[in-house]
Each structure stands twice: as C-alpha cells, then as structure tokens.
Amino acid sequence: MYEIAIIGAGINGVSCAYELSKAGKKVALFDKGGVASGGSGAAGAFISPKFSKAGELKEILHTAFKYSMAYYEKEFPEHFIKSKLLHIAKDEKEDEVLRFYKEHTDLELLDVEKSEREIVCINAGIINAKALCSEMAKASELIKEEVSTLEYKNGVWHINENYTAKKIIIATGAYKQILAEPYIQLRGIWGHRIEIQTSTENPHSIHQFVSISPSKDGKLAIGATHNVHYHPETSSEPYDIQEGRDELLEKASATIKLESVKVIKDYMGLRSGSFDYMPLVGSLVLSQETLQNKSIHFQTKKPNFNEYSYYPNLTMINGSGGYGFVLAPYLAKILSEYILSDTEIPKGLQPARFFARWAKKLP
Ligand SMILES: Cc1cc2nc3c(=O)[nH]c(=O)nc-3n(C[C@H](O)[C@H](O)[C@H](O)COP(=O)(O)OP(=O)(O)OC[C@H]3O[C@@H](n4cnc5c(N)ncnc54)[C@H](O)[C@@H]3O)c2cc1C
C-alpha cells in the first residue's frame, strides 16, 4: 500500500510528489500518458508574474513568482534558465495597466529602450518543462496507467481495484474528472508551442500577443494557449496543426521580425482554468452528503467550510491556468503542509468555495 497516490504527473502532481517524497513519504504517481504528457509537456514554461493592476490572482502570482524563482534556482538549476523578460503592452488599455504596474511593483525594473508601446522588463526565468517534471518525479514510483475508479473502503483508497493508498491527490488538469462533483468545473484551453529555426537573434523572453523565448543555437520557441474550441477528449475534428503554426508565426511577427523560419517541432496540450481564475488546492466537498445536513445554511454570504462533509484523505490541486510552472512549487508546499501537518489552506484556494457558490444557487 502507498502512503500517498497522486493521479496526474503534470507539474502540479510531480511538485507534490517531490515535496512529499522529501518528507519521507512513499508516493505513487499515476499518469495515463507518462510524466508531463498533458499541458505541462507543451508549456513554454516561462516563470513570470501577472502584469495587472490588482486582485487576488495578481497577489498570489506575485508571491508564487518570487517563491518559484528562488526554488527552481536552488533545487533544479540545471533545468532553469534565468532570462530577462520583456512584457510589451498589446494596446493602449494595456499601456495604462503596465504604467500602473511599474509605479507600484516591488520587483526590480530593468532599463529598456523607449518604444511606441509600454514595456515592463524584469529578471525572470524559463524552465525546461519535460526534463524538470521527469527529475521531480524520480523519487516516486511511476505507474503509467489511466485511473478510472477510486473507491474508499475500510479506511483505504482503492485505485482501479488493483492498488491501495492511504491518501489521494488528484492532479489531472483539464482532463475528464475522476470524481464527478457538479460544483467542480474546469475550463480546458488548448495551447500550441512551436520550436523554430531562424536566423533572427532574440536575446530575451518576450510576451505580447504570444510568448517568444530567447534564441539559442539558431532556434527559438513561440507559444500560446488560446484555443477554447478544441478539446482532445471531446472534439470530433482533429486539431489543425498548420493553422495553429500560421497563427503563432503571424502573432509573433507583430512583435519581432523573424527571418528564414522553419518549424522544427510542435508541442500541444490542454491547460486548465477555474471560473474565478484562482487555482484549486485542498479537500473536496462531498456535495450530496453535505446538502443533506439540515443544520447548514447554504444561502449565506459567509459560508463556514468546516460544516461541510469531505472525501476522506483526498485532495486536489488544479486550475493553474497559464501559470502552472509559476504556481506549482508554492501550491505544492501549501498542499503538502496541509496533508502532513493540517496547516490551513487559504479559503480563496479551497475547492469548497465553488461548492458554497453552487449550493447557494440551488432552488
Ligand atoms: C502551449 C502552452 C504554453 C504554456 N506556457 C506556460 C508558461 O509559459 N508558464 C507557465 O507557468 N505555464 C504555462 N502553461 C500552463 C501550464 O502548462 C499549466 O498550467 C500546467 O501544465 C498545468 O499542470 P497540471 O499538472 O495541472 O496539468 P497537466 O500537465 O495537464 O497534467 C495532468 C496530467 O494528468 C494526467 N491524467 C488526467 N486524467 C488522468 C487519469 N484519469 N488517470 C491517469 N492520468 C490522468 C494527464 O495525462 C496529464 O499528464 C502553458 C500551457 C500550454 C498548453
């Protein structure tokens, strides 16, 4: 029997596996396609903050950005490249946001040539996504298998009727949910990244209409997650790779002039976002059982999450949007501390917030 079974070996699953293995736990990592076979394997994996004016998401990403920059540099320097990041405004509206950002941020701002559009330039980083995920997964036992059933019997979780674990972490990204709880709804957004050969030299990471990596040995990467229509599990038509390549190249060309371009590799995957854009970290509410508890008032502005019934010894980590590699080390630390020492998870991250909103709307 495993102490902890993690389902999904994307950056969220492997970050938890790494934290918990370091704490001496026997961890099994299940993934139907292997390590980083979902969104994580497609990511450009830029480590950057959110360049917006305010809000809960900006705050957590700011904290997570600082945390993950130091974390990757210390723990995985061989898979982490420090690079200057130029975030260029797309339009006048974003010019104003970036001016505000620059006036209020505590990050060091680097000099940059004046341009028509507002630019924020900071020290940031890029991860070698697949290599990092594989390295993080090393300390766990990897089981390449789809998990289709999870059953709790006699105080133990049974996985596909073949394996048992004391605790479960669900880290399945935007793919089909294993436990169908109606209040958990995640949006899958399809992304595409291309590696190109080009004679154009680009010294920095650039984010504007798409993300462009610095060039190395005559190659650079261009990526974006923007396709809300295609889903690998539900779409009837295959994804049009050529159309995706053309769109990425056209958008990148609006920022830098790319010469002698040849696409050499495509990476594609789904990223998963929640409906309030904040990630989901923590225990899962048993909706039917909780609704039957007549002492709970669901029509309240201040729900008490402690009143709800939860799946025993089961948590989830998901909904990182376009910032999975920025958030994962920080969220994995929060989740591991909750699992190991019962340290409280901020309410704004707990999946229970979606149950509270869903239950409030019920007739
Ligand atoms: C093109 C692109 C560019 C991106 N760029 C960046 C970036 O620059 N910076 C950044 O921070 N983020 C970026 N992202 C977002 C980032 O990739 C995601 O936030 C992150 O990968 C989410 O990780 P995850 O572990 O939650 O999900 P995933 O990586 O999707 O992992 C989920 C895993 O669960 C497995 N799985 C699902 N269901 C089951 C099951 N029933 N049984 C077994 N296994 C199962 C899947 O096979 C998959 O491997 C980008 C995403 C894309 C697509």
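Given the structure is predicted, the values throughout are model-derived calculations rather than measurements.

Caption draft 1: Expanded view of the overall build of the protein. What the protein contains, in helices and strands, is nine helices and 16 strands. Considering only C-alpha atoms, the protein reaches an extent of 65 × 45 × 45 Å along its principal axes. Taken over 363 residues, the protein has a buried fraction of 42%. Taking contacts inside the protein between residues at least 6 apart in sequence as the whole, the part at least 24 apart equals 77%.

Caption draft 2: Representation of the environment of Val261 within the structure. Note that Val261 resides in the loop between helix H6 (241-253) and strand S14 (262-273). A residue is classified by how many C-beta atoms lie within 10 Å of it, and Val261, with 17 of them, is partly exposed. Linking Val261 and Ile241, residues 20 residues apart in sequence, is a C-alpha distance of 16 Å. Beyond its immediate chain neighbours, meaning those up to four positions away, Val261 contacts Ile196, Thr198 and Leu249.

Caption draft 3: Spatial organisation of the site of the ligand. In the region of the ligand, 44 residues are neighbours, and Gly10, Gly38, Gly173, Gly191 and Gly324 sit closest. For the shell around the ligand, the secondary structure elements donating two or more residues are helix H1 (11-22), helix H2 (39-42), strand S10 (187-197), strand S13 (219-227), S14 and helix H8 (324-341). Considering every element that reaches the shell around the ligand, the biggest residue donor is S14, with four residues. In terms of residue class, the shell around the ligand is built from 16 nonpolar, 23 polar and five charged. No fewer than three residues from each of domain 1 (1-45 + 128-186 + 275-363) and domain 2 (189-273) sit in the shell around the ligand.

Caption draft 4: Inspection of the sheet that holds S13 at higher detail. Spatial ordering of the open sheet is given by S3-S5-S4-S11-S12-S13-S10-S14, a layout of eight strands whose pairing is mixed. The open sheet has two edge strands with one neighbour each: strand S3 (46-47) and S14. By the bridge criterion, eight bridges tie S10 to S13 in an arrangement that is antiparallel. Bridge pairing links Gln197 to Lys219 in S13. Strands S10, strand S12 (211-212), S13 and S14 of the sheet are contacted by H6, whose axis makes an angle of about 110 degrees with S13.

Caption draft 5: Examining unusual backbone geometry more closely. Phi is positive for Ala36, which is not a glycine, with a value near 55 degrees. You can see Ala36 is positioned in the loop between strand S2 (27-30) and H2. In this structure, Asn313 takes a positive phi of about 50 degrees despite not being glycine. Along the chain, Asn313 falls in strand S16 (residues 310-318).

Caption draft 6: Focus on the packing of H1 against helix H5 (residues 129-137). Between H1 and H5, the shortest axis-to-axis distance is 8 Å and the interhelical angle comes to 35 degrees. The crossing of H1 and H5 is left-handed. Here Ile11, Val14, Ser15, Ala17 and Tyr18 of H1 lie close against H5, whose contacting residues are Cys133, Met136 and Ala137. Taken together, the residues that form the contact of H1 with H5 break down as seven nonpolar, one polar and no charged.

Caption draft 7: Region of interest: the domain arrangement of the protein. When the domains of the protein are assigned, the result is domain 1 (1-45 + 128-186 + 275-363) and domain 2 (189-273). For the side of domain 1 that touches domain 2, the element with the highest residue contribution is H2, accounting for three residues. Among the residues making up the side of domain 1 that touches domain 2, the classes are represented as five nonpolar, 10 polar and one charged.

Caption draft 8: Representation of the pairing of S2 in the model. Burial along S2 is two-sided: Val27 and Leu29 and Ala28 and Phe30, pointing in opposite directions, are all buried. Bridging between strand S1 (residues 2-7) and S2 involves four bridges; their strand directions are parallel. Across the sheet, residue Ala5 finds its bridge partner in S2, namely Ala28. In this view, the connection linking S1 to its parallel neighbour S2 by way of H1 has right-handed handedness. Here S2 runs beside strand S6 (residues 141-143); their pairing, made up of three bridges, is parallel. Each residue of the ladder has a partner; that of Leu29, found in S6, is Leu142.

Conventions adopted
- Residues numbered from 1 in each chain as written.
- Predicted model: local features only at pLDDT ≥ 70, side-chain atom pairs only at ≥ 80, totals over all residues.
- Helix = DSSP H or I, 4+ residues; strand = E, 2+ residues; numbered from the N terminus.
- Buried ≥ 20, exposed ≤ 12 C-beta atoms within 10 Å, placed from the backbone.
- Contact = placed C-beta atoms within 7 Å.
- Near = placed C-beta within 6 Å.
- Nonpolar A, V, L, I, M, F, W, Y, C, P; charged D, E, K, R; others polar.
- Domains from an automatic or database assignment.
- Pairing = 2+ DSSP bridges.
- Axes fitted to C-alpha atoms, helices over the stretch in contact; angles between N-to-C directions.
- Left-handed = near helix turned anticlockwise from the far one by under 90°.
- Right-handed = clockwise from strand over helix to strand, strands pointing away.

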